[in-house]
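Below are the chains, spelled out letter by letter.
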Amino acid sequence: MKKVGFFKSIQFKFLLVYTLLILLAMQLIGVYFTDQLEKNFLNNFNNSLKSQASMLSYNIGEAVKEARESGEGNNPNDVIDKIRDQLSETGGGLKVAQVIDQSGKIIATSDPAHSDIVGKRTTNNTVMRDVLTSNGMKLYTKRDASSGERVRVLTDPIEVDNQHYGILYVEKSLEGVYKDLRSINQILATATLFALIVTALLGVFLARTITKPLAQLQRQAVAVAQGDFTRKVRQFDEDEIGRLAVSFNNMTERLHEANETTEAERRKLKSVLAYMTDGVIATDKNGHVILMNKRSEELLGVYKQNVLGSSVIDLLKLQGEFTTYDLYHLDDSVILDFSSDDQVFLLRAHFSVIKKENGELNGLIAVLHDVTEQEQIEAERREFVANVSHELRTPLTTMKSYLEALQDGAIKEEALATKFLDVTQMETERMIRLVNDLLQLSKMDAKDYTINRARTDFVEFFHKIIDRFEMSKKQNIRFIRKLPKNPVYVDIDRDKLTQVIDNIISNALKYSPEGGAVTFNVVHLGRFIRISISDQGVGIPKDHLTKIFMRFYRVDRARSRKLGGTGLGLAIAKELIEAHGGEIWADSEWNKGSTISFTLPVHKEGEKV
Ligand SMILES: Nc1ncnc2c1ncn2[C@@H]1O[C@H](COP(=O)(O)OP(=O)(O)OP(=O)(O)O)[C@@H](O)[C@H]1O
Ligand SMILES: [Mg+2]
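What counts, and at which threshold
- Every chain is numbered independently, its residues counted from 1 as its sequence is written.
- Written order decides the labels, with chains lettered from A and ligands numbered from 1.
- Confidence filtering applies because this is a predicted model: local features only for residues at pLDDT of at least 70, side-chain atom pairs given and counted only at 80 or more, and all residues used for totals across whole chains, interfaces and linings.
- Note: side-chain values were computed over all heavy atoms of the structure, leaving out hydrogens and water.
- Segments assigned H or I by DSSP are reported as helices when at least four residues long, segments assigned E as strands when at least two residues long, and all are numbered from the N terminus.
- Only protein chains enter the accessibility calculation, which uses a 1.4 Å probe; a residue whose area is less than 20% of its type maximum is buried, one above 50% is exposed, and one in between is partly exposed.
- In this tally Asp and Glu are treated as negative and Lys and Arg as positive; neither His nor the chain ends contributes.
- Counted as salt bridges are all cases of a side-chain nitrogen of Lys or Arg within 4 Å of a carboxyl oxygen of Asp or Glu.
- Pairs of residues are marked as contacts when any of their non-hydrogen atoms sit within 4.5 Å.
- Here the term donor refers to an N, O or S atom within 2.8 Å of the metal (or 3.2 Å for Na, K and Ca), and because water is left out of the atoms, sites may appear incomplete.
- A patch is a set of surface residues, each over 30% in relative accessible area and not in a salt bridge, joined within 9 Å for like charges and within 5 Å for the nonpolar side chains Val, Leu, Ile, Met, Phe, Trp and Tyr.
- Only the protein chains shown count as cover for residues, and the accessible areas themselves come from Shrake-Rupley with a 1.4 Å probe.
- The set of buried Ala, Val, Leu, Ile, Met, Phe, Trp, Tyr and Cys residues whose side-chain atoms join them within 4.5 Å is what this entry labels a nonpolar core.
- Pairing between strands is defined by DSSP: at least two bridges between the two strands are required.
- Axis definition: a line fitted to C-alpha atoms, limited for helices to the stretch in contact. Angles are taken between N-to-C directions and run from 0 to 180 degrees.
- By definition in this entry, angles of less than 35 degrees are roughly parallel, angles greater than 145 are roughly antiparallel, angles of 65 to 115 are roughly perpendicular, and the rest are oblique.
- We call a crossing left-handed when the near helix sits turned anticlockwise from the far one by less than a right angle, and right-handed when that turn is clockwise.
- Throughout, the ten residues Ala, Val, Leu, Ile, Met, Phe, Trp, Tyr, Cys and Pro are labelled nonpolar, Asp, Glu, Lys and Arg are labelled charged, and all others, Gly among them, are labelled polar.
- We define proximity as follows: a residue is near a molecule or strand when any one of its heavy atoms falls within 4 Å of that partner.
- What qualifies as a polar contact is a pair of N or O atoms within 3.5 Å, subject to a donor-acceptor requirement within protein and to the restriction that residues adjacent in sequence count only when both atoms come from side chains.

A. Representation of the side chain of D437. Assignment of secondary structure puts D437 in helix α11 (residues 414-445). There is no salt bridge for the buried D437, and the closest opposite charge comes from R433, which lies 5.5 Å off by N-O distance. Beyond its immediate sequence surroundings of up to four residues, D437 is in contact with T566, L568 and I572.

Okay, here's the thing in structure tokens:
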């Protein structure tokens, strides 16, 4: 976090307020104080000047009187000398002291440098007026023209024997008073400055006592914001800030607890989502993806970082079918078809709505479930039921029509009746075979069967089966045997293997043309033997090679049915061979014939059956 700038800090504000307050107080005090002091000083100055002047004028009056009485008064110069004596005696500290007679003539002056003015009339108009009126002491202030000093002027009438003799004129400089005032002001200014410095320091100190705990609180707030709840504010005094610190510590603790609870919930939710076998996608209220778990990434084949923020409609390829609005109001789940050309992949999506406390719609949760297998099983089941009903209906319809024909009179024609009964019998057998096959398959599905293995020489076993077919075959078909001379031992359930081989050979015979050949091949390949039965029939189209092992699958339905097939033989064969630990497959070239091959593990010496 950025540091608070000095000029924005509380310290600066304190400093500013304190110094301004002190400055204001000192200014007010200063103005009042200097004003009073000046008045006082001037008053004292005036009083002392007055008393000095009255003393002087009295002395001069006495001196004149004395001179007159002693007869010296006849000589005016003697009187003037006396006056001058008095001026120099009592006129200390005065700038100018003059005695002016009734006519305005200067009789004496204290200033020997200006003794030339003695005997001349004064040029000062104010003095002239006072000489004429001469009723008591008068005070003036003037500025000395040459030196610029402020000067106090005083005139005092001199009385000799109650008679007006003249006036005393004195000047005294005021500069001394103003100098004193100036130095006092200076002292005041220095004191103010000193007070300001002390206040500023105090201000900083005081501000610190407030800002220090505040700074600590701020640091803790930052730490808490970053998820560090271990910090504590140190206990301060029992003042407001101390209380704030205590409350702050309490708040941190509460926050810590709340945070831990949410964190635990979050972890729980996260692990639930992570280990869920269903995909989960959450969106905001506009249908944009905000969360998805690992499983949904796998199911949709996307990376979370690439699709976060994109529309769930696009993600689930629902464009054109649904809008986000529709998803909010969907009651049923939706099947999403993500199948590629060579692989079926179906997902079922359930949508639920996230609502705020006030009921406002706030988003969607989509739960995705892989239903490929389920849907496939379902489809297979439906197909199976359809197949079974179809397979049963055909013979039943045939039988019904033949029985009806018999009822309608055919029974009376012996040859026809026998033929019809043969057909119904054949159809019945066919149905019995079908039902038996189905029963066997359903047992195998339920794993409700056992394989009774016995050590068998496969060469001999195979020869016997081929012999049986060779004897009973009706067509002109050659059998070519390419079997090893020596015995090859395998652990097999002979009945079940007989069933498998019977089916393969009968298929080969069914699809072999007149005069064709069926080749039997047994090859020993290490731990396995491979058995192949090839014919020269129509062959099996390439894309049907794997499908012929599926239940009810027939390449050419009509023809195969005519040949009495139900399409279950190879399905059963596949189950049985796999139960023996082998594999079965078909190779074929169209119109040149087919080869059905399977493998069986050979018996190892010493191994128990
Ligand atoms: N040797 C073969 N030549 C050509 N097509 C074959 C051959 N063997 C099997 N097929 C094809 O595979 C299909 C499935 O064979 P499968 O043995 O399972 O059934 P089926 O022979 O029709 O009936 P079932 O064996 O139950 O009597 C046949 O219908 C046929 O179309
Ligand atoms: Mg068959």
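B. The arrangement of the coordination of the magnesium ion (ligand 2) in detail. On the protein side, the magnesium ion (ligand 2) has N503 (OD1) and N507 (OD1) as donor atoms, found 2.1 to 2.3 Å from it. Within this pair, N503 and its partner N507 are both found in helix α13 (residues 494-510), separated by 4 residues, close to a single helical turn. In this structure N503 comes out as buried when scored by relative accessible area, which is 16%. In this structure N507 comes out as buried when scored by relative accessible area, which is 18%.

C. Molecular detail of a nonpolar patch on the surface. Residues L16, L20 and L23 make up a contiguous nonpolar surface patch of roughly 250 Å² in combined accessible area. Assignment of secondary structure puts L16 in helix α1 (residues 10-69). Judged by relative accessible area, which is 39%, L16 ranks as partly exposed.

D. Quick peek at the nonpolar core. Within the largest apolar cluster, 49 residues are counted, with the highest numbers of intra-cluster contacts made by F458, F462, I501, F520, I533, F598 and L600. Excluding residues within four positions of it along the chain, F520 makes contact with F462, I466, F479, I480, R481, K482, L483, I505, S532 and I533. Judged by nonpolar contacts, the second largest core, of 28 residues, contains I60, I158, V160 and V170.

E. Inspection of the pattern of salt bridges at higher detail. All chains considered together, the criterion is met by 28 salt bridges. Linking R481 and D467 is a salt bridge whose minimum nitrogen-to-oxygen distance equals 2.6 Å. Placement of the pair is R481 in strand β12 (residues 478-482) and D467 in helix α12 (residues 458-472), with a sequence separation of 14 residues. Here D493 and K496 are joined by a salt bridge, their closest N and O atoms 3.4 Å apart. Ionic contacts of the salt-bridge type, sharing partners, join the residues E391, E427, R430 and R554 into one network.

F. Region of interest: the sheet that holds strand β3 (residues 138-143). Spatial ordering of the open sheet is given by β2-β1-β5-β4-β3, a layout of 5 strands whose pairing is antiparallel. Because the sheet does not close on itself, it has two edges, and the strands there are β2 (106-109) and β3. On average, adjacent strands in this sheet sit at an angle of 25 degrees to one another, irrespective of strand direction. Sheet topology note: the strand β4 (residues 150-160)/strand β5 (residues 163-173) ladder contains 10 bridges and is antiparallel. Paired with V160 across the bridge in β5 is Q163.

G. Quick look at the sheet that holds strand β10 (residues 361-370). What the 5 strands build is an open sheet, ordered β7-β6-β10-β9-β8; its pairing is antiparallel. Here the strands that pair on one side only, and so sit at the sheet edges, are β7 (289-292) and β8 (334-337). Mean inter-strand twist for the sheet, computed between neighbouring axes without regard to direction, equals 30 degrees. The pairing of strand β6 (residues 279-283) with β10 spans 4 bridges and is antiparallel. Within β10, the residue paired with G279 across the bridge is L368. Its contacts with the sheet put helix α10 (residues 372-407) on β8, β9 (346-355) and β10, and the angle it makes with β9 is roughly 125 degrees.

H. Molecular detail of the packing of α12 against α13. Where α12 meets α13, the axes come as close as 11 Å, and the angle between the chain directions of the two elements is 45 degrees. Judged by the inter-axis angle, α12 sits oblique to α13. Read as a crossing pair, α12 and α13 show a hand that is right-handed. Here F458, F461, F462, I465, R468 and F469 of α12 lie close against α13, whose contacting residues are R494, L497, T498, I501, D502, I505, S506 and L509. Considered class by class, the residues forming the contact of α12 with α13 number 9 nonpolar, 2 polar and 3 charged.

I. Representation of the site of ligand 1 in the model. As a structural note, the neighbourhood of ligand 1 is formed by 21 residues, with N507, K510, D535, T566 and L570 the closest of them. The contact in question runs from an oxygen atom of ligand 1 to an N or O atom on the side chain of K510, over 2.8 Å. Between ligand 1 and L568 there is a distance of 3.3 Å, counted from an oxygen atom to a backbone nitrogen or oxygen. Out of a free accessible area of 600 Å², ligand 1 has 95% covered by protein chains. For the shell around ligand 1, the elements supplying multiple residues, two or more each, are α13 and α15 (569-579). Here the shell around ligand 1 gets 4 residues from one element, more than from any other, and that element is α13. Here the shell around ligand 1 is composed, by residue class, of 8 nonpolar, 10 polar and 3 charged.

J. How the structure looks around the pairing of strand β15 (residues 528-534). The sheet contact formed by strand β14 (residues 517-525) and β15 spans 7 bridges and is antiparallel. Residue pairing for β15: F520 is matched across the bridge by I533. Once β14 ends, the chain turns through 2 residues before running back antiparallel as β15, passing G526 with a positive phi of about 65 degrees. Strand direction decides the pairing type here: β15 and strand β17 (residues 593-601), joined by 7 bridges, are antiparallel. By the bridge assignment, F528 is partnered in β17 with P601.

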